[in-house]
Amino acid sequence: MPKPTSTRRGSKSVALPKAILVLHGPNLNLLGSREPQHYGHASLEDINQMLKSRGKACGVSVECFQSNHEGVLIDRVQQARHDGVDFILINPAGYTHTSIALRDALAATGIPFVEVHLSNVHAREPFRHHSYFSDLALGVIAGLGAQGYELALEFALRHLHVKVTSHGSQKTEKTH
Ligand code: CA2
């Protein structure tokens, strides 16, 4: 059963923490090791840690999941509905251009999502120009490398009305 949006504690209604799922498609486990000209130098673990720590700072659960298998990704999307996931960030990788089945799974859950690509797929081979996900996504980010995930997360936090903390611990100090 999907997570209720709030629970009653005594007479007070308490909002449950928001949950964001980050899904990474096939071969993204290789990030950081090869093809940096397309995908940058950050590893998948670097990206996941950055997203989790940003989520933590805002009191939001960020779970990350990668698979090289279409059916496993579909199962995870179906599970997301039962887990009460509020928002999905997805880089379907190669399945972007092929998978009607993964598209159908996302459509069936009705969970809002943003599609993220590390590389600018529109500046690459023609077969990368079509996505089976973009028309269902709230938005698409492509070509901004690992920062694209960060921006997608900020969008998700605002979409979910999460009170966001400012980035980092930069202070502006007067020197005189
Ligand atoms: O730019 C993206 O994020 C892509 O989704 C990445 C996919 C590609 O098929 C899409 O067209 C665009 C490929 C992911 C493969 O990742 C690798 C990472 C390091 C080394 C080799 C592959």
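A brief structural summary. (Residues numbered from 1 in each chain as written. Predicted model: local features only at pLDDT ≥ 70, side-chain atom pairs only at ≥ 80, totals over all residues. Heavy atoms only, no water.)

1. Observations regarding the packing of helix H3 (residues 70-83) against helix H4 (residues 100-109)
Line of reasoning, step 1. Their axes nearest at 9 Å, the elements H3 and H4 cross at an angle of 0 degrees. Between H3 and H4, the angle is such that the two are roughly parallel. Side by side, H3 and H4 meet where Glu-70, Leu-73, Ile-74, Val-77, Gln-78 and Arg-81 of the first sit next to Ala-101, Leu-102, Ala-105, Leu-106 and Thr-109 of the second.
Line of reasoning, step 2. In the contact of H3 with H4, the residues fall into seven nonpolar, two polar and two charged. (Axes fitted to C-alpha atoms, helices over the stretch in contact; angles between N-to-C directions. Helix = DSSP H or I, 4+ residues; strand = E, 2+ residues; numbered from the N terminus. Parallel < 35°, antiparallel > 145°, perpendicular 65-115°, else oblique. Contact = heavy atoms within 4.5 Å. Nonpolar A, V, L, I, M, F, W, Y, C, P; charged D, E, K, R; others polar.)

2. Details of the site of the ligand
Line of reasoning, step 1. In the neighbourhood of the ligand, 17 residues make up the surrounding shell, with Asn-91, His-97, Leu-118, Ser-119 and Arg-128 lying closest.
Line of reasoning, step 2. Within the contact set of the ligand, an oxygen atom lies 2.7 Å away from a side-chain nitrogen or oxygen of His-97.
Line of reasoning, step 3. A distance of 2.5 Å separates an oxygen atom of the ligand from a polar atom in the side chain of Ser-119.
Line of reasoning, step 4. Here the ligand has 510 Å² of accessible area as a free molecule, and 93% of this is covered by the chains.
Line of reasoning, step 5. If you map the ligand onto the pockets, it falls in the largest pocket.
Line of reasoning, step 6. Here the residues of the shell around the ligand sort into eight nonpolar, six polar and three charged. (Near = heavy atom within 4 Å. Polar contact = N/O pair within 3.5 Å; in protein donor to acceptor, adjacent residues only side chain to side chain. Areas by Shrake-Rupley, 256 points an atom, 1.4 Å probe, with all protein chains shown as cover. 1 Å grid on protein atoms, 1.4 Å probe; cavity = no way out; pocket = protein on both sides within 12 Å on 5 of 7 lines; lining within 4 Å. Sits in = over half its atoms within 2 Å of the grid points.)

3. So, the sheet that holds strand E4 (residues 61-66)
Line of reasoning, step 1. Taken in spatial order, the five strands make up an open sheet running E4-E3-E5-E6-E7, and their pairing is parallel. With partners counted over all chains shown, the strands left at the sheet margins are E4 and strand E7 (139-142), one partner each. With strand direction ignored, the average angle separating the axes of adjacent strands in the sheet is 15 degrees.
Line of reasoning, step 2. Sheet topology note: the strand E6 (residues 113-117)/E7 ladder contains four bridges and is parallel. Directly across from Val-116, in E7, lies its bridge partner Ile-141.
Line of reasoning, step 3. Where helix H2 (residues 44-57) meets the sheet, it contacts strand E3 (19-24) and E4, and its direction lies at approximately 160 degrees from that of E4.
Line of reasoning, step 4. In the packing of helix H5 (residues 147-159) onto the sheet, contacts are made with E3, E4, strand E5 (87-91), E6 and E7, and the angle to E5 comes to roughly 160 degrees. (Pairing = 2+ DSSP bridges.)

4. Concerning the pattern of salt bridges
Line of reasoning, step 1. Per the stated rule, a full pass over the model turns up six salt bridges.
Line of reasoning, step 2. Here Asp-83 ties to Arg-76 by a salt bridge, and the two come within 3.7 Å at their closest N and O atoms.
Line of reasoning, step 3. The class for Asp-83 is partly exposed, based on a relative accessible area of 38%.
Line of reasoning, step 4. Asp-135 serves as the salt-bridge partner of Arg-103, at 2.7 Å between the closest nitrogen and oxygen. Taken together, the residues Arg-103 in helix H4 and Asp-135 in the loop between E6 and E7 connect sequence positions 32 residues apart. (Salt bridge = Lys/Arg side-chain N within 4 Å of Asp/Glu carboxyl O. Buried < 20%, exposed > 50% of the residue type's maximum accessible area, 1.4 Å probe, protein only.)

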